Amino acid sequence: MAKRILVVDDDMMCLKTVQKYLTEEGFDVLGALSGMQAIHIVEEAKLDLLLLDIEMPGLSGFAAIEQIRALQNGKHLPVIFFTGRKDRDTVKCCAAIGAEGYIMKPVEKKILMERVEEVFSRLAGAQEEKTVLIVDSSVDFLKEMKLFLNEYYKVIVISSGKSAIDYLSSHTVDAIAVDMAIALQDEETTKEMLYLEKEGNKIPVILLEEEDDLELKESYKMTSTDVCLIKPVKAEVLLQPLQHQFSGGECSCMN
């Protein structure tokens, strides 16, 4: 599946040129002429990279990324800025926002492709060897999750709590997503999965629940390293807390 990149620039000629460069290299490319238009696209589309012009009328690139970071689809979306300036303040702002870097305008294809490939190589390196165990009684759900998430992680799917514990007795994983209905069938199994450690650190757990049960969470002394998703859960929704966990962030309960 081709990586999807959103290019944002109020200069139509620059936008079309960058889109052409990326399309020629096999990327799936979307375009936006303003920061606000970019925000709407990020809300609706799954993206792999954002190329964002800094100097735009109305909503600057820096202002746009602040709003994008508040969106579920934009929290961890890597961004490379375009800029016509090379002053120290601009460079500092790019770094402070957590950008992957910046490219000077006018954009040269060679430099553009080098930066884009660097970002994807770095992200792939950060994700390689990450193993996610998904435990759920629905075979269709497991197939859907594995098909989608295999692009990002090594995915192990198991349909019972006992089989999951058997697997974990001889294998290590980096995160677990488990249907709470399965976990509740065996309290000891639940505790084993909730408190597993790898290299001295607690393995993050994502609970898949029919409804938010605060009393249940308290009974298992769940911590801020545990995520709760309310079913039905789509693969895109499950991907978000996994990326968040592996980037070192805290998690939350989501509908």
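Preceding this paragraph is the structure being described.
Residues numbered from 1 in each chain as written. Predicted model: local features only at pLDDT ≥ 70, side-chain atom pairs only at ≥ 80, totals over all residues. Heavy atoms only, no water.

Participant: Explain the packing of aromatic side chains to me, please; I cannot follow it from the model alone.
Facilitator: For any pair of aromatic rings, the description consists of the separation of the ring centres together with the inter-plane angle of the planes. Counted according to the given criterion, the structure contains four aromatic pairs. Between phenylalanine 148 and tyrosine 152, the aromatic rings sit 5.8 Å apart at their centres with planes inclined by 35°, giving tilted as the arrangement. Tyrosine 152 sits in the buried class, given a relative accessible area of 9%. The rings of Phe148, Tyr152 and Tyr153 are connected pair by pair, giving a single aromatic cluster. The residue whose ring lies beneath lysine 3 is phenylalanine 120, and the NZ or CZ to ring-centre distance is 5.4 Å. (Phe/Tyr/Trp six-rings, centres within 6.5 Å; stacked < 30°, edge-to-face > 60°. Buried < 20%, exposed > 50% of the residue type's maximum accessible area, 1.4 Å probe, protein only. Lys NZ or Arg CZ within 6 Å of the ring centre and 35° of its normal.)

Participant: Can you help me understand the environment of leucine 238 in this one?
Facilitator: Residue placement: leucine 238 occurs in helix α11 (residues 235-246). It is 8.5 Å that separates the C-alpha atoms of leucine 238 and isoleucine 206, two residues lying 32 residues apart in sequence. With residues near it in sequence (within four places) discarded, leucine 238 still touches Ile134, Met145, Leu149, Ala177, Ile206, Leu229 and Val233. (Helix = DSSP H or I, 4+ residues; strand = E, 2+ residues; numbered from the N terminus. Contact = heavy atoms within 4.5 Å.)

Participant: Hey, could you run me through the sheet that holds strand β4 (residues 79-83) in this one?
Facilitator: Strands in a sheet are paired, the pairing made by backbone hydrogen bonds, and the direction either parallel or antiparallel. The strand order β2-β1-β3-β4-β5 describes an open sheet built from five strands, whose pairing is parallel. Across the chains shown, the open sheet's two edge strands, defined by having one partner strand only, are β2 (28-32) and β5 (101-104). The sheet shows a mean angle of 20° between the axes of neighbouring strands, taken without regard to direction. One ladder, built from four bridges, connects strand β1 (residues 4-8) with strand β3 (residues 49-53); its direction is parallel. Looking at the pairing, leucine 6 lines up with leucine 50 of β3. Across the sheet, helix α1 (residues 12-24) touches β1, β2, β3 and β4, and the angle it forms with β2 is around 170°. (Pairing = 2+ DSSP bridges. Axes fitted to C-alpha atoms, helices over the stretch in contact; angles between N-to-C directions.)

Participant: Teacher, can you tell me more about the nonpolar core here?
Facilitator: Generally speaking, nonpolar side chains in soluble globular proteins are found buried as a group. Grouped together as the largest cluster of nonpolar side chains are 24 residues, with contacts concentrated most on Leu6, Val8, Leu50, Leu52 and Phe81. Of all the elements in the fold, those that place two or more residues in this core are β1, α2 (35-44), β3, α3 (61-69) and β4. Apart from residues no more than four positions distant in its own chain, leucine 6 is found in contact with Leu30, Gly31, Ala32, Ala38, Ile41, Val42, Leu47, Leu49, Leu50 and Leu51. Of all hydrophobic cores here, the second largest spans 21 residues; its members include Tyr153, Ala175, Ala235 and Leu242. (Core = buried A, V, L, I, M, F, W, Y, C linked by side-chain atoms within 4.5 Å.)

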